[in-house]
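Next come the chains, spelled out residue by residue.
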Amino acid sequence: MAVQNFEQIFQQKIDDDIRIEPKDWMPEKYRQTLIRQISQHAHSEIVGMLPEGSWISRAPSLKRKQILVAKVQDEAGHGLYLYSAAETLGISRDEMIEQLHSGKAKYSSIFNYPTITWADMGAIGWLVDGAAIMNQVPLCRASYGPYSRAMIRVCKEESFHQRQGFEALLVLSKGTAEQKAMVQDAIDRWWWPSIMMFGPHDAESSNSESSMKWKIKRFSNDELRQRFVDMIAEQVKLLGMTLPDPDLKWNEDTKHYDFGKINWEEFWNVVSGNGPCNKQRLDTRKKAWEEGVWVREAAAAHAEKRKQRVVVKEGIAA
Ligand code: FAQ
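In this numbering scheme, every chain counts its residues from 1 along its sequence in written order. Totals for whole chains, interfaces and linings use every residue, but because this is a predicted model, local features are given only for residues with pLDDT of at least 70 and side-chain atom pairs only at 80 or more, for both listing and counting. Hydrogens and water molecules were not included; the side-chain quantities draw on all heavy atoms of the structure.

> How should I be thinking about the overall build of the protein in this particular structure?
Elements are defined by DSSP. Helices are runs of H or I of four residues or more, strands are runs of E of two residues or more, and each kind is numbered from the N terminus. When its secondary structure is counted, the protein shows 13 helices and 2 strands. Throughout, radius of gyration means the C-alpha value; the globule benchmark is 2.2 Å times the number of residues raised to the power 0.38. At 22 Å, the protein has a C-alpha radius of gyration in line with the 20 Å of a compact globule built from 318 residues. Each of the three principal axes of the protein carries a C-alpha extent, and together these read 75 × 50 × 35 Å. We call a residue buried when its accessible area falls under 20% of the maximum for its residue type, exposed when it is over 50%, and partly exposed in between, using a 1.4 Å probe and counting protein chains only. Here the protein holds 318 residues, and 47% of them are scored as buried. By definition, residues are in contact when any of their heavy atoms lie within 4.5 Å. Considering only contacts in the protein between residues 6 or more positions apart, those separated by 24 or more positions represent 76%. With an accessible surface of roughly 16600 Å², the protein has 57% of that area assigned to carbon and sulfur atoms. The charge count treats Lys and Arg as positive and Asp and Glu as negative. His and the chain ends do not count. Charged groups are reduced to one reference atom each: NZ for lysine, CZ for arginine, CG for aspartic acid, CD for glutamic acid. Taken together, the 43 basic and 43 acidic charged side chains of the protein have centroids lying 6 Å from each other. All accessible-area figures derive from a Shrake-Rupley calculation using a 1.4 Å probe, and residue coverage is judged against the displayed protein chains alone.

Have a look at this one:
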């Protein structure tokens, strides 16, 4: 069959909302786009463990520590499902890790900001996981089967993450003047980076056109960002706090909140490796990878031994 026919059949499946599975024919650009997005997503989960991980030993109570440990473990799990989903497209885990370490593969800009106070744990749960859910619920219907299925579980866990973050802030917001100030300061620092997570404006989004045609993306960066702003602008009132945007205003005509200009210079600076913590995050990941060599080697040797044992047993049985 000519490639053109394969392409028509492929696009027809997408248009009919039939999932594409690993062994189905797919255009090379579709495969590459998925590898880029899924691996970037996996790296984000793994690097995303670092800003919160540093607070596990400093959590203010046993309950908060248990919640934080569970959340960070969930993020490790998300990274692992996503690496597995990407592997079905023909890239190995080692190649993906190498791309992260060399700077070829990106990860979300948000994880290059420092976590300065305990309230940052609440702000990450509420705002960062909140933005992640807004972006990821539509990915449960992404056209690639292994990605969409992984996202269903990821989203269930993310929604627990968001609620725990909001609840942690709610408790602090009813506390002392110092605790209230700590909440407002965390919101002030995390707000703009959170709305940058949705990526550049649609007009600047180089991948959106093809990703929408292939139903990897179901909504544009700006559509999802607007939904997030509308949701958070209401929720912040429950905390008795404000968002650091003087232009944030309900628009009766559009029935959405208008908001101020995003600092794209800051965004691209962080994306290109020059954010406040980019170097620290990558150095930590590289060190963990190097220090884990013996674990990977031991696991591979153990697997090989087990395989040999099965071969010997089968030989005896025959
Ligand atoms: N950071 O053409 P578009 C989480 C890049 S997981 C860095 O619009 P696309 C869980 C983009 O790669 C958070 N780079 O790109 C958690 C592209 O460059 P490239 C991660 C960004 O792919 C919570 C260029 O800009 N979530 O938070 C960013 O169509 C708490 C042009 O952009 C996902 O990965 C950015 N924010 O749309 C963990 C979800 N935005 O690659 C721990 C899946 C854009 O061509 C604690 N990904 N770029 O060189 C997606 O939905 C999409 O990839 C977007 C970007 C929407 C992120």
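> I keep staring at the environment of Phe-166 and nothing clicks. Help me out?
Topologically, Phe-166 is positioned in helix H7 (residues 145-173). Note on Phe-166: relative accessible area 16%, which makes it buried. Taking the C-alpha atoms as reference, Phe-166 lies 9.5 Å from Val-236; in sequence the two are 70 residues apart. Excluding anything up to four places from it in sequence, Phe-166 contacts Gly-122, Trp-126, Gln-235, Leu-238 and Leu-239.

> Is there a simple way to think about empty space enclosed by the protein in this case?
A water-sized probe, rolled over the atoms, reveals where empty space remains. Site definitions follow a grid-based scheme: protein atoms alone, a 1 Å grid, a 1.4 Å probe that fits but cannot get out for cavities, and for pockets an open set with protein on both sides within 12 Å along at least five of seven lines, plus lining residues having an atom within 4 Å of a point. Grid points are joined across faces, edges and corners, and a volume is the space filled by probe spheres set on the points. Summed over the entire model, instances satisfying the criterion amount to 1 cavity of 30 Å³ or more. The space that makes up the largest cavity amounts to roughly 70 Å³. Glu-52, Arg-64, Ile-67, Leu-68, Lys-71, Trp-118, Met-121, Gly-122, Gln-164, Gly-165 and Ala-168 are the residues that line the largest cavity. Elements with a contribution of two residues or more to the lining of the largest cavity: helix H4 (62-87), helix H6 (119-136) and H7. For the lining of the largest cavity, the leading source of residues is H4, giving 4 residues. Broken down by class, the residue content of the lining of the largest cavity amounts to 5 nonpolar, 3 polar and 3 charged. Side-chain classes follow a simple rule in which Ala, Val, Leu, Ile, Met, Phe, Trp, Tyr, Cys and Pro form the nonpolar group, Asp, Glu, Lys and Arg form the charged group, and the remainder, Gly included, forms the polar group.

> What is the right way to look at the packing of aromatic side chains in this model?
Any two aromatic rings considered together are summarised by their centre-to-centre distance and by the angle between their planes. Side-chain rings of Phe, Tyr and Trp (the six-membered ring for Trp) are treated as a pair once their centres are within 6.5 Å; stacked means planes under 30 degrees apart, edge-to-face means over 60, and tilted covers the remaining angles. This model, assessed by the stated rule, comprises 12 aromatic pairs. Considering the side-chain rings of Phe-6 and Trp-25, the 5.4 Å spacing of their centres and the 20° angle between planes classify their relative orientation as stacked. With Phe-6 in helix H1 (residues 3-15) and Trp-25 in the loop between H1 and helix H2 (28-47), this residue pair connects regions lying 19 residues apart in the sequence. Residue Phe-6 is classed as partly exposed on the basis of its relative accessible area of 28%. Grouped by ring-pair contacts, the aromatic residues Phe-6, Phe-10, Trp-25, Tyr-30 and Trp-214 constitute a single cluster. We note Arg-58 situated over the ring of Trp-55; from NZ or CZ to the ring centre the distance is 3.9 Å. Two limits define a charge over a ring: the Lys NZ or Arg CZ must be within 6 Å of the ring centre, and within 35 degrees of the ring normal. One Lys or Arg, Arg-227, reaches over the ring of Phe-219 and ends 4.1 Å from the middle of that ring.

> What is the right way to look at the side chain of Asn-251 in this model?
As for its position among the elements, Asn-251 is in strand E1 (residues 249-251). Contacts described as polar in this section are N or O atom pairs within 3.5 Å, which, within protein, must combine one atom able to donate a hydrogen with one able to accept it, while residues neighboring in sequence count only if both atoms come from side chains. Only 2.9 Å separates the side chain of Asn-251 from the backbone nitrogen of Asp-253, close enough to count as a polar contact. When sequence neighbours within four positions are dropped, the list of residues in contact with Asn-251 reads His-256 and Asp-258.

> I keep staring at the site of the ligand and nothing clicks. Help me out?
Think of it this way: one heavy atom of a residue within 4 Å of a molecule or strand is enough to make that residue near it. Near the ligand lie 36 residues; those nearest to it are Lys-106, Ser-205, Asn-207, Lys-217 and Asn-221. Note that a nitrogen atom of the ligand is positioned 2.9 Å from one of the backbone N or O atoms of Ser-109. For the ligand, a nitrogen atom lies 3.2 Å from a polar atom in the backbone of Met-197. In isolation the ligand has 1100 Å² of accessible area, and contact with the protein removes 92% of it. With 6 residues, the top contributor of residues to the shell around the ligand is H2.

> So what exactly am I meant to see when it comes to the packing of helix H5 (residues 93-102) against helix H12 (residues 278-291) here?
The relative placement of two packed helices comes down to the angle between their axes together with the axis-to-axis distance. For helices, the fitted line uses only the C-alpha atoms of the stretch in contact; every axis is such a line through C-alpha atoms, and the angle between N-to-C directions lies from 0 to 180 degrees. Orientation of H5 relative to H12, taken along the N-to-C sense of each, is 145°, at an axis distance of 10 Å. Crossing hand, H5 versus H12: left-handed. Taken together, the residues of H12 that come into contact with H5 (itself represented by Asp-94, Ile-97, Leu-100 and His-101) are Leu-282, Arg-285, Lys-286 and Trp-289. Split into classes, the residues belonging to the contact of H5 with H12 amount to 4 nonpolar, 1 polar and 3 charged. Each helix crossing is assigned a hand: it is left-handed if the near helix lies turned anticlockwise from the far helix by less than a right angle, otherwise right-handed if that turn is clockwise.

> Whenever I open this one, the packing of H7 against helix H8 (residues 177-196) confuses me. Can you help?
For the pair H7 and H8, the least separation of the axes is 8 Å and the interaxial angle reads 140°. By the angle between their axes, H7 is oblique relative to H8. Contacts from Leu-169, Leu-172 and Ser-173 of H7 reach H8 at Gln-179, Lys-180, Met-182 and Val-183. Of the residues belonging to the contact of H7 with H8, the class tally is 4 nonpolar, 2 polar and 1 charged. Under this scheme an angle from 65 to 115 degrees is roughly perpendicular, one under 35 degrees roughly parallel, and one over 145 degrees roughly antiparallel; angles in between are oblique.

> Would you explain a positive patch on the surface in this entry?
Patches draw on residues past 30% relative accessible area with no salt bridge. Two like charges within 9 Å are joined, as are two nonpolar side chains (Val, Leu, Ile, Met, Phe, Trp, Tyr) within 5 Å. Salt bridges are defined by distance alone: a side-chain nitrogen of Lys or Arg within 4 Å of a carboxyl oxygen of Asp or Glu. Side chains of Lys-305, Arg-306, Arg-309 and Lys-313 sit close together on the surface and give a patch of like positive charge. When you line up the elements, Arg-306 lands in helix H13 (residues 293-317).

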